[in-house]
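# Understanding the architecture of this molecule
Each chain, letter by letter, is given below.
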Amino acid sequence: MTIEIVRIPALTDNYIWLAHDSVSGETIVVDPAEAAPVEAALTARGWRLSAIWNTHWHPDHTGGNAALKAAHGVPVIAPAAEAARIPTADRLVAEGDLVMLGAHNAVVMETPAHTAGHISFHLADAAVIFVGDTLFAMGCGRLFEGTAAQMFAAMQRYTALPDATTVYCAHEYTESNGRFALSVDPDNADLVARMAAVRAARAAGEATVPTTIGAERATNPFLRAGTADELATLRRGKDDFRG
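Residues numbered from 1 in each chain as written. Predicted model: local features only at pLDDT ≥ 70, side-chain atom pairs only at ≥ 80, totals over all residues. Heavy atoms only, no water.

Moving on, we get to the sheet that holds strand E10 (residues 128–132). Strand order in the open sheet made by the six strands is E7-E8-E9-E10-E13-E14, with mixed pairing throughout. Where the open sheet ends on each side, the last strands, each with one partner, are strand E7 (98–101) and strand E14 (211–212). Where E10 meets strand E13 (residues 166–169), four bridges bridge the pair, whose relative direction is parallel. Bridge assignment links Val128 to a residue of E13, and that residue is Thr166. Against the sheet, helix H4 (residues 148–159) makes contact with strand E8 (104–110), strand E9 (119–123) and E10, and its axis sits at roughly 150 degrees relative to E8, the strand it touches most. (Pairing = 2+ DSSP bridges. Helix = DSSP H or I, 4+ residues; strand = E, 2+ residues; numbered from the N terminus. Contact = heavy atoms within 4.5 Å. Axes fitted to C-alpha atoms, helices over the stretch in contact; angles between N-to-C directions.)

With that settled, the discussion passes to the environment of Gln156. Assignment of secondary structure puts Gln156 in helix H4. Given the relative accessible area of 36%, Gln156 is considered partly exposed. (Buried < 20%, exposed > 50% of the residue type's maximum accessible area, 1.4 Å probe, protein only.)

Considering the arrangement of structural elements, one finds Asn65 in helix H3 (residues 65–72). Classification of Asn65 as buried rests on a relative accessible area of 0%.

Attention now goes to the pattern of salt bridges. Considering all chains together, one arrives at nine salt bridges under this definition. We note a salt bridge from Asp163 to Arg217, for which the minimum N-O separation is 2.5 Å. Of this pair, Asp163 sits in the loop between H4 and E13 while Arg217 sits in helix H7 (residues 213–219); the two residues are 54 residues apart in sequence, bridging distant segments of the chain. For Arg217, a relative accessible area of 29% translates into the label partly exposed. One salt bridge connects Glu216 with Arg194, and the closest N-O pair in it is separated by 2.8 Å. Separated by 22 residues along the polypeptide, Glu216 in helix H7 and Arg194 in helix H6 (residues 189–203) bring together distant segments of the chain. Using a relative accessible area of 15% as the deciding quantity, one classes Arg194 as buried. Counted as one network, the salt bridges with shared partners bring together Arg142, Arg235 and Asp239. (Salt bridge = Lys/Arg side-chain N within 4 Å of Asp/Glu carboxyl O.)

Given below as structure tokens:
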């Protein structure tokens, strides 16, 4: 595969993703919470920034847009449904639109619920998807602007992807998500094993993402929910969970 993806920690628990195509030399950044760590990662690798991709408008996903755009003269590609909330946007995209990284097509998927216009970027040929705050390792995003039915629809779209698809989400929430998952699915052997590995990784200061669709299909209660009502009940439970 010609795409190299770099995880950049930012703020408290955010991850910014830098994706580089070695053939074209193009590099995109997904959801730059802040500019400085992105600049450091680019400089360390000798890469040039080609574009900024936003999954949604929240400031911890767009905070670095303006500075990176000014420094590199690159376009910001953002969800059309959130144009008013992302003033730095240059190209607005919606369901089915194509965004390029070198010769690789990223198909825009509308995955609202966390925010009203949230999108994901799916690079099928690389088996990669950038999901922002819709899907997390063993969790899903809070329903700030959308509905459980919308989130369920998004989960159904994700679960239809190949198991080997690598999922790049934007926060290190895995351990807390896993504690809740165990509370509702304690007899899931895959989940028990995964949480042991997650706890060990976090104790060692290691990241737990990216994940894969296959891992989420086996252990994520939100991806495994059978109905929108079931997902709604789970989401309320997670919102109130203190375990």
